[in-house]
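# Structural characterization, general
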Amino acid sequence: MPKPINLIVACSENRVIGIGGGMPWSIPEDTAFFQAQTRGHTVIMGSHCFTEWPSAAEGRDVIIITHDPRTLPPGIHRVSSLHEAIARAQTLRGEIYLCGGQRVYEEGLVIGDRLYLTLVHAKIEGGDTFFPDWRAHFAREIERKDTHDDHWRYSFLTLVR
Ligand SMILES: NC(=O)c1ccc[n+]([C@@H]2O[C@H](COP(=O)([O-])OP(=O)(O)OC[C@H]3O[C@@H](n4cnc5c(N)ncnc54)[C@H](OP(=O)(O)O)[C@@H]3O)[C@@H](O)[C@H]2O)c1
């Protein structure tokens, strides 16, 4: 039986996920959630995300999608498509988490089983990386926690098809 495929992302109301190679916000509770949710599992991401999160392999199996021949650290799996990444992930530890960026999410949206979405209740100007419109694919909310910190209001949503 193939393992289920999870997507995990934080996006704004206008679906921004990144600006200038980084996150549009710093939300410690969301970072902690992301770290805890993926720990002990296999994470799949594009090469820019790995540049941003080089410590991903601490406690996880990591698959990077890239055509860049540069050497990756030992133990990191390199593949050239999401299809190949998912096939490899079947052989690695725990569940499968698609962690971005934009293209991984776009391709993953149609094959994913579950979406862990931190919806940041703000409209971000100047975003350059986006999450696709998920609502037609993940229509059923099975968990929701509305919360905030000193700077942002956000909701932790778990959605299924
Ligand atoms: N808010 C969030 O939850 C969240 C999550 C993740 C990322 N982000 C943000 O998103 C931005 C990074 O995302 P990004 O979209 O720019 O970069 P990315 O997906 O990490 O990296 C893009 C590169 O990865 C490779 N790649 C990715 N998907 C591929 C696919 N399906 N097939 C083949 N190759 C693929 C290509 O690499 P090569 O050119 O090496 O071949 C492509 O140039 C940052 O700003 C980051 O902070 C936010």
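Figured I'd write up the structure that's included with this text. (Residues numbered from 1 in each chain as written. Predicted model: local features only at pLDDT ≥ 70, side-chain atom pairs only at ≥ 80, totals over all residues.)

## A short note on the overall build of the protein
For the protein, the helix and strand inventory stands at four helices and ten strands. When the helices and strands of the protein are placed in sequence order, the string is β-β-α-β-α-β-β-α-β-α-β-β-β-β. Scaling as 2.2 N^0.38, a compact globule of 161 residues should have a C-alpha radius of gyration of about 15 Å, and the protein matches this with 15 Å. If one aligns the C-alpha atoms of the protein with their principal axes, the spans along those axes are about 40 × 35 × 25 Å. Relative to its 161 residues, the protein shows a buried fraction of 32%. Expressed as a percentage of contacts within the protein between residues at least 6 apart in sequence, the contacts between residues at least 24 apart total 66%. (Helix = DSSP H or I, 4+ residues; strand = E, 2+ residues; numbered from the N terminus. Rg over C-alpha atoms; globule rule 2.2 N^0.38 Å. Buried ≥ 20, exposed ≤ 12 C-beta atoms within 10 Å, placed from the backbone. Contact = placed C-beta atoms within 7 Å.)

## Brief notes about the nonpolar core
The biggest cluster of nonpolar side chains holds 38 residues, and the ones touching the most others in it are Val9, Cys11, Ile44, Met45 and Cys99. In terms of residue count, the dominant contributor to this core is strand E1 (residues 5-12) (five residues). (Core = buried A, V, L, I, M, F, W, Y, C linked by C-beta atoms within 7 Å.)

## A closer look at the environment of Arg153
Inspection of the secondary structure assignment puts Arg153 in strand E10 (residues 153-160). Considered as a pair, Arg153 and Leu119 are 34 residues apart in the sequence and their alpha carbons are 8.7 Å apart. In this structure Arg153 touches His121 and His148, once residues within four positions along its chain are discounted.

## Considerations on the sheet that holds strand E4 (residues 61-65)
The strands making up a sheet are joined through hydrogen bonds of the backbone, oriented either antiparallel or parallel. If you trace the eight strands from one edge of the open sheet to the other, you get E5-E4-E3-E6-E1-E7-E10-E9, paired in mixed fashion. Looking at strand neighbours, the two that pair on one side only are strand E5 (77-79) and strand E9 (140-148), the edges of this open sheet. In this sheet, adjacent strand axes meet at a mean angle of 20° when their direction is disregarded. One ladder, built from seven bridges, connects E1 with strand E7 (residues 114-120); its direction is parallel. The residue bridging Asn6 from the neighbouring strand is Arg114, located in E7. Running over the sheet, helix H3 (residues 82-89) touches E1, strand E3 (42-46), E4, E5 and strand E6 (96-98) and is turned about 165° from E4. Here helix H4 (residues 102-109) sits on the sheet in contact with E1, E3, E4 and E6, set at roughly 125° to E1. (Pairing = 2+ DSSP bridges. Axes fitted to C-alpha atoms, helices over the stretch in contact; angles between N-to-C directions.)

Purely geometric numbers; function is a separate question.
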